[in-house]
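# Structure at a glance
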Amino acid sequence: MAINLHCPKCKNSTSLKAKLCSKCGHRLERDRKYRVIVTAHDGKRISKIVDTLSLAKKLESKLRTQVIEKKMLGINKSITIDEAWNRYLVYAKDSKKTWRDDHLRWEKHIRPYLKGKKMDSVTPYDIQNIISKMKSIRDYAPATIRQIICIIKRLYNWCIQMDLYEGMNPAVKIKLPRLNNERTECLTREEIKRLFATLDNWWNKRFALLVKFALYTGCRRGEIFNLKWVDVDLNNGFIVLRDTKGGKDTILPISDEALNIIKQAKKTLPTPKCSFVFPNKWGRKRSYMGNSWTNIKRKANLPMNFRFHGLRHTYASYLASSGKVSLYTLQKLLTHKTPQMTQRYAHLSDTALRQGTNLLKSLIEDI
C-alpha cells in the first residue's frame with residue numbers, strides 16, 4: 001500500500017519528496033497528482049489517481065478497509081455485471097426509447113463475455129476483447145462498436161450514480177471509433193421502379209404498404225410502428241407522430257399517395273378493432289421487421305447494405321434536388337430539431353439553385 005506522485009507526462013510514479021519525475025524529468029511542483037496503490041488479497045493491484053494528498057490518504061484508508069473486509073469477512077460490495085444490467089434495464093424501460101435495441105446488443109455482444117463477473121473485476125482489456133471478438137466475426141460498422149462501448153459506460157455510470165458500485169468505469173479508457181454520420185443513402189430512379197414492382201406483387205401486403213409509406217413520407221421506422229388510427233386525419237391529410245426522436249409530438253402533412261396507402265392498409269388489418277395502422281400479424285404494435293426487408297431488397301435487386309432508414313434519405317434527397325422545397329421546409333417535414341441536421345442535403349439543393357442560374361442567358365436573349 002502506497003501513495004506516490006504521478007507524472008502526467010509519462011504516467012510514471014515517483015516518491016512524494018521528488019521534484020522531478022525520475023523517468024522523464026518532468027517538473028512535479030505544479031498541478032501535482034497522487035497515485036494510490038493498494039494490493040488486494042488476491043494479489044491484484046488497485047490503482048487510483050487523485051488531485052490532493054489529503055484525498056489520497058482518505059482513499060488509501062478506504063481501500064485498505066475494503067481489502068481487509070473482503071479478506072477477513074468475505075464482504076464484497078461489488079455486484080455482478082448481470083445483476084447490474086437487470087436493475088439498469090428496469091430504469092431504461094421507463095426512460096429510454098431505444099432500450100430494446102440496447103438489450104439486444106447486450107445479449108448478443110456483451111453478456112456472453114462478461115456474465116458472472118463482478119463489476120470491479122471487469123477491466124478495459126475485457127471490453128477491448130469484446131470489440132476484437134466482434135471484428136473477428138464480421139466487419140461491424142464503427143457506429144455499432146461505439147454503441148457497445150457506450151452501453152457498458154452508461155451502465156457503470158448509472159450504477160455509480162445509484163450507489164450500486166464504487167470504483168472506476170473501465171469503459172472510459174476505451175477509445176471510441178470515429179463516425180461519419182453524413183452517410184446519405186439514396187435509391188436511383190431505376191431502383192425505385194424495381195422496388196415498387198416488387199412491392200406491388202409482394203405476398204405480405206401490409207408490410208409492402210409499410211415500405212411504400214416510409215418512402216412517401218420519410219418517417220422513421222419507429223414512428224411508423226407507433227402510428228395509430230386515432231392519429232390519422234384522412235379528411236385533412238395529416239398524421240400525428242407520437243414519441244418522436246426529437247421528443248415532441250409532431251403534426252405532419254402527408255401526400256395523397258401516402259393517404260391512399262393508409263386507406264389500403266385499413267383493408268389489411270388482422271382484426272377490425274386494431275389500433276395500429278401497420279400492426280404485426282397479431283394486431284399488436286410491430287417491434288421488428290424480421291427478414292422481410294432483406295427479402296424484399298434481394299427480390300428487387302437492391303444493394304444488400306441499403307438500410308430501411310435509407311428510404312428516409314431517398315425521400316429527402318429527391319425533395320431537396322427538386323429545387324421546389326427549401327431546406328427549412330425539408331427540416332420540418334423530416335422533424336429535425338435543428339437546421340444543422342438537414343444540412344447533409346444542402347449540396348442537392350445547391351445543384352437545383354445552380355440550374356436556376358443557368359436560365360440567365362436565355363432570359364437576357366429574350367429581352
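These lines cover the structure that appears in this document, whether it is placed above or below. Predicted, not measured: the structure shown is a model, and the values here were computed from it. (Residues numbered from 1 in each chain as written. Predicted model: local features only at pLDDT ≥ 70, side-chain atom pairs only at ≥ 80, totals over all residues. Heavy atoms only, no water.)

Right, let's get into the overall build of the protein. A count of helical and extended segments in the protein gives 14 helices and seven strands. Relative to its full complement of 367 residues, the protein shows a buried share of 40%. Counted over contacts in the protein with a minimum sequence separation of 6, partners at least 24 positions apart contribute 56%. Total accessible area on the protein stands at roughly 22,400 Å², and carbon and sulfur atoms take up 51% of it. (Helix = DSSP H or I, 4+ residues; strand = E, 2+ residues; numbered from the N terminus. Buried < 20%, exposed > 50% of the residue type's maximum accessible area, 1.4 Å probe, protein only. Contact = heavy atoms within 4.5 Å. Areas by Shrake-Rupley, 256 points an atom, 1.4 Å probe, with all protein chains shown as cover.)

Attention now moves to the nonpolar core. Counting 51 residues, the largest nonpolar core has Phe 213, Ile 239, Phe 278, Trp 293 and Leu 311 as its most contacted members. Within the residue set of this core, elements represented by two or more residues are α6 (189–200), α7 (205–217), α8 (221–226), β6 (238–241), α9 (256–266), α10 (292–300), α11 (310–321) and α12 (327–333). If you tally residues by element for this core, the top one is α7, at eight residues. By size, the runner-up hydrophobic cluster in this structure holds 31 residues, among which are Ile 130, Ile 151, Ile 152 and Leu 164. (Core = buried A, V, L, I, M, F, W, Y, C linked by side-chain atoms within 4.5 Å.)

Below, the discussion takes up the side chain of His 109. Position of His 109 among the secondary structure elements: in helix α3 (residues 99–114). Looking at His 109, the relative accessible area reads 8%, which means it is buried. Setting aside residues no more than four positions away along its own chain, His 109 makes contact with Ile 130, Met 134, Tyr 140 and Ile 148.

What follows covers the sheet that holds strand β1 (residues 2–6). In a beta sheet, neighbouring strands are held together by backbone hydrogen bonds and run either parallel or antiparallel to one another. The strand order across the open sheet built from four strands is β2-β1-β3-β4, with neighbouring strands paired in antiparallel fashion. The sheet is open, and its two edges are formed by β2 (13–14) and β4 (45–50), each paired on a single side. Judged from the six bridges that link them, strand β3 (residues 33–39) and β4 form a sheet pairing that is antiparallel. Along β4, the bridge assignment pairs Ile 37 with Ser 47. (Pairing = 2+ DSSP bridges.)

Moving on, we come to the pairing of strand β7 (residues 250–253). Where a strand is regular, its side chains alternate between the two sheet faces. Of the two faces of β7, only one is covered, namely that formed by Thr 250 and Leu 252; the face formed by Ile 251 and Pro 253 stays uncovered. As defined by bridge partners, β6 adjoins β7 across four bridges and the pair is classed as antiparallel. For Ile 239, the partnering residue across the bridge sits in β7 and is Leu 252.

So, on to a positive patch on the surface. A cluster of basic residues, Lys 93, Arg 100, Lys 228 and Lys 285, forms a positive patch at the surface. By the element assignment, Lys 228 lies in the loop between α8 and β5 (232–233). (Patch = residues over 30% accessible without salt bridge, like charges linked within 9 Å, V, L, I, M, F, W, Y side chains within 5 Å. Salt bridge = Lys/Arg side-chain N within 4 Å of Asp/Glu carboxyl O. Lys, Arg positive; Asp, Glu negative; His and termini not counted. Charge placed at Lys NZ, Arg CZ, Asp CG, Glu CD.)

Here we take up unusual backbone geometry. Phi is positive for Asn 301, which is not a glycine, with a value near 60 degrees. In this fold, Asn 301 is placed in the loop between α10 and α11. Asn 301 gets classed as exposed once you look at its relative accessible area, which sits at 55%. Phi at Thr 335 is positive, roughly 55 degrees, even though this residue is not glycine. Inspection of the secondary structure puts Thr 335 in the loop between α12 and α13 (346–357). With relative accessibility at 12%, the residue Thr 335 sits in the buried group.

Now for the sheet that holds β7. The antiparallel open sheet is built from three strands, whose spatial order is β5-β6-β7. If you trace the sheet from one side to the other, it starts and ends with β5 and β7, each paired once.

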